[in-house]
Amino acid sequence: MIYLDNAATTKPSEAAFKAAAQAVECFANPSSLYGPGLEAQKLIEKSKGIIASKLGIDRKNIFFTSGGTEANNTAIFGAAYAKRRLGNRVITTKVEHPSVLEAFKKLGEEGFEVVYVGVDENGIVNMDELEAALNEDTILVSVMHVNNETGMIMPVERIKPMQEKLAPKAMLHCDCVQSFGKLPVLPKKWGADMVSISAHKIRGFKGCGALYVRDAKIRPLIFGGEQQQGLRPGTENVAGILAFGAAAQECDCDNSRLLKFRAEFEDEIKKNIDNVIINGTAKNNSGSVINISFLGIKAEILLHALEKHEIYVSTGSACSSHKPQPSHVLTAMGKSREEIAGAVRMSFIEPLEREELIYTVEAIKKEVNTIRRYMR
């Protein structure tokens, strides 16, 4: 099997499995005051420390969630509700993950003034447009670090200085689900108030994520206990948290090998298949994603055709796959209907071996040519 949908999820690592197994032995509720419960809490704190060290922050600012979607929702609604008396404008981009866009849509329905900032032809947020949108009434800005469909890196480090000058009451949230563990994620350096991350994108388990929250107060979305300082109450997912810490421990946050592989993959595709368009550029890319439009085909057909070769790709965000519609990311980039219809996303957690790369390109070439003949 050649699995090229790592932006959707990754295969859990051996280290993650071994770490999670500790939760079977140390099964007590981590909120319990007796020995086994305290031991479970120690294991949670160990994982929290690993993750915090990767982010360069204090462990007290880490709050575990059920995943990236909950982390994003907690950040967005928590900040908006906490600061509503100070202003009413909230800002995001047109290419965010659905868990961010749907949250902002809901805020709009509740009376907030929502501003959606556009991107350039490569999918990078328009910083002049963002700057123009900032004002004294702005209370929240949410901009992702790496786009899940194109792999393009947003200049999040440039946002806080603009905010401090034009929107001093605003909090900055960065969805780093696609970048954590692959690139340096530096909340303090960026001035980010909140950062969302997820375990299953870095070889941890599904059902576990985390939210970094700086000292500023946000409102909880869940009520019913005092766990995690009351921000995210409920008994912690000990196995998931331990696996998250183990997976994070193995990440070196160096994307140089992936960038080199992505460039090689792009070269082989262009060399062997005509009428292809790369959506996004190698520059300012994470290296973990390549989005390619094969003109004259339907991406869904190619996806299923590649299954015969045990090659697995996607047509965009997994969170939108049950309601197929044109990619909002590629639409925002100004891509044509034909380009969007033929767009396939391939995402990597590590480079393929050379023979796997060649096999994949040959399979894509064969199936694209077959589909084009039938669609003429």
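For clarity, every value in this text was computed on a predicted model and none was experimentally measured.

## Description of the overall build of the protein
Then, in step 1: From N to C terminus, the protein includes 13 helices and 12 strands.
Then, in step 2: By the compact-globule yardstick of 21 Å for 376 residues, the protein fits well, its C-alpha radius of gyration being 21 Å.
Then, in step 3: When the backbone C-alpha atoms are referred to their principal axes, the protein occupies close to 65 × 50 × 35 Å.

## Description of helix α2 (residues 35–55)
Then, in step 1: In this model α2 runs 30 Å from its N-terminal to its C-terminal C-alpha over 21 residues, within 8% of the 30 Å that 1.5 Å per residue would give.
Then, in step 2: Within α2 the residues assigned to the buried category are G37, A40, L43, I44, S47, K48, G49, I50, I51, A52 and L55.
Then, in step 3: Elements in contact with the buried residues of α2: α1 (14–25), β2 (62–65), α7 (187–190), β7 (194–198) and α8 (238–250).
Then, in step 4: Two residues or fewer past α2, G56 is found with a positive phi of approximately 70°.

## Examining the state of the cysteines
Then, in step 1: Under the counting rule described, the total for this entry stands at zero disulfides.
Then, in step 2: Take C176: it sits in no disulfide, and the sulfur closest to it among the cysteines is that of C174, at 5.3 Å.
Then, in step 3: The structure places no disulfide on C251, whose sulfur is separated from the nearest cysteine sulfur, that of C253, by 6.0 Å.

## Focus: the side chain of H309
Then, in step 1: As for its placement among the helices and strands, H309 is situated in the loop between α10 (299–307) and β11 (311–312).
Then, in step 2: Owing to a relative accessible area of 17%, H309 belongs among the buried residues under this scheme.
Then, in step 3: One polar contact links H309 to E367, side chain to side chain, over a distance of 2.7 Å.
Then, in step 4: Beyond its immediate stretch of four places on either side in the chain, H309 contacts Y359, A363, K366 and E367.

## Thoughts on the pattern of salt bridges
Then, in step 1: Enumeration over the complete set of coordinates arrives at 17 salt bridges.
Then, in step 2: For the salt bridge of E264 with R354, the shortest nitrogen-to-oxygen distance reads 2.3 Å. Of this pair, E264 sits in helix α9 (residues 256–272) while R354 sits in helix α13 (residues 354–375); the two residues are 90 residues apart in sequence, bridging distant segments of the chain.
Then, in step 3: What makes R354 partly exposed here is its relative accessible area of 40%.
Then, in step 4: Three or more residues joined by partner-sharing salt bridges are found here, namely E264, E268, K271 and R354.

## Some details on the packing of α9 against α13
Then, in step 1: The geometry of α9 relative to α13 is characterised by a closest axis approach of 10 Å and an angle of 35° between their N-to-C directions. Of the two elements, α9 crosses α13, and the hand of that crossing is right-handed. Each of F261, E264, F265, E268, I269 and N272 in α9 lies in contact with α13, whose residues at this interface are R354, L357, I358, T360, V361, I364 and K365.

## Here's the deal with the sheet that holds strand β3 (residues 89–93)
Then, in step 1: Judged by pairing direction, the sheet is mixed, and its seven strands sit side by side in the order β2-β8-β7-β6-β5-β3-β4 without closing on themselves. Strand pairing shows two members of the sheet lacking a second neighbour, β2 and β4 (113–117), which therefore form its edges. Across this sheet, the average inter-strand angle for adjacent strands is 20°, counted without regard to direction.
Then, in step 2: Inspection of the sheet shows β3 paired to strand β5 (residues 138–142) by four bridges, in the parallel sense. Among the inter-strand pairings, R89 is bridged to a residue of β5, identified as T138.
Then, in step 3: Helix α4 (residues 98–109) rests against β3, β4, β5 and β6 (171–175) of the sheet, and its axis sits at about 155° to β3.

## Considerations on the nonpolar core
Here is a general trend for soluble globular proteins: nonpolar side chains tend to be buried in one another's company.
Then, in step 1: Judged by nonpolar contacts, the single largest core of 59 residues is most densely connected at I51, I62, F64, F180, I197 and F244.
Then, in step 2: Leaving out residues up to four positions away in the same chain, F244 has contacts with I51, F64, F180, I197, S198, A199, I202, C208, G209 and A210.
Then, in step 3: Core analysis: the second largest hydrophobic core is formed by 29 residues, V361, A363, I364 and V368 among them.

## Let's talk about unusual backbone geometry
Then, in step 1: Located in the positive-phi region is R203, a residue other than glycine, with phi close to 80°.
Then, in step 2: With respect to the helices and strands, R203 occurs in the loop between β7 and β8 (209–213).
Then, in step 3: Even without being a glycine, N284 presents a positive backbone phi close to 60°.
Then, in step 4: Mapped onto the fold, N284 is located in the loop between β9 (276–278) and β10 (289–294).

## Comments concerning the pairing of strand β12 (residues 343–347)
Then, in step 1: Counting buried positions along β12 gives five out of five residues, so the element sits mostly inside the fold.
Then, in step 2: Side chains of β12 alternate between two faces, with A343, R345 and S347 and V344 and M346 buried alike.
Then, in step 3: Pairing of β10 with β12, which is carried by five bridges, proceeds in the antiparallel orientation. Bridge pairing in β12 links I292 to V344.

## Description of the environment of N135
Then, in step 1: Mapped onto the elements of the fold, N135 is located in the loop between α5 (127–133) and β5.
Then, in step 2: With relative accessibility at 25%, the residue N135 sits in the partly exposed group.
Then, in step 3: Sequence separation between N135 and E121 is 14 residues; the distance between their C-alpha atoms is 26 Å.
Then, in step 4: Sequence-distant contacts of N135, that is, excluding residues within four places in its chain, are made with R89, L166 and A167.
Then, in step 5: In terms of polar contacts, N135 uses its side chain to reach the backbone amide nitrogen of D137, at 3.0 Å.
Then, in step 6: In this structure the side chain of N135 is engaged in a polar contact, spanning 2.9 Å, whose partner is the side chain of T138.

What counts, and at which threshold
Residues numbered from 1 in each chain as written. Predicted model: local features only at pLDDT ≥ 70, side-chain atom pairs only at ≥ 80, totals over all residues. Heavy atoms only, no water. Helix = DSSP H or I, 4+ residues; strand = E, 2+ residues; numbered from the N terminus. Rg over C-alpha atoms; globule rule 2.2 N^0.38 Å. Expected span 1.5 Å × (residues − 1). Buried < 20%, exposed > 50% of the residue type's maximum accessible area, 1.4 Å probe, protein only. Contact = heavy atoms within 4.5 Å. Disulfide = S-S within 2.5 Å. Polar contact = N/O pair within 3.5 Å; in protein donor to acceptor, adjacent residues only side chain to side chain. Salt bridge = Lys/Arg side-chain N within 4 Å of Asp/Glu carboxyl O. Axes fitted to C-alpha atoms, helices over the stretch in contact; angles between N-to-C directions. Left-handed = near helix turned anticlockwise from the far one by under 90°. Pairing = 2+ DSSP bridges. Core = buried A, V, L, I, M, F, W, Y, C linked by side-chain atoms within 4.5 Å.

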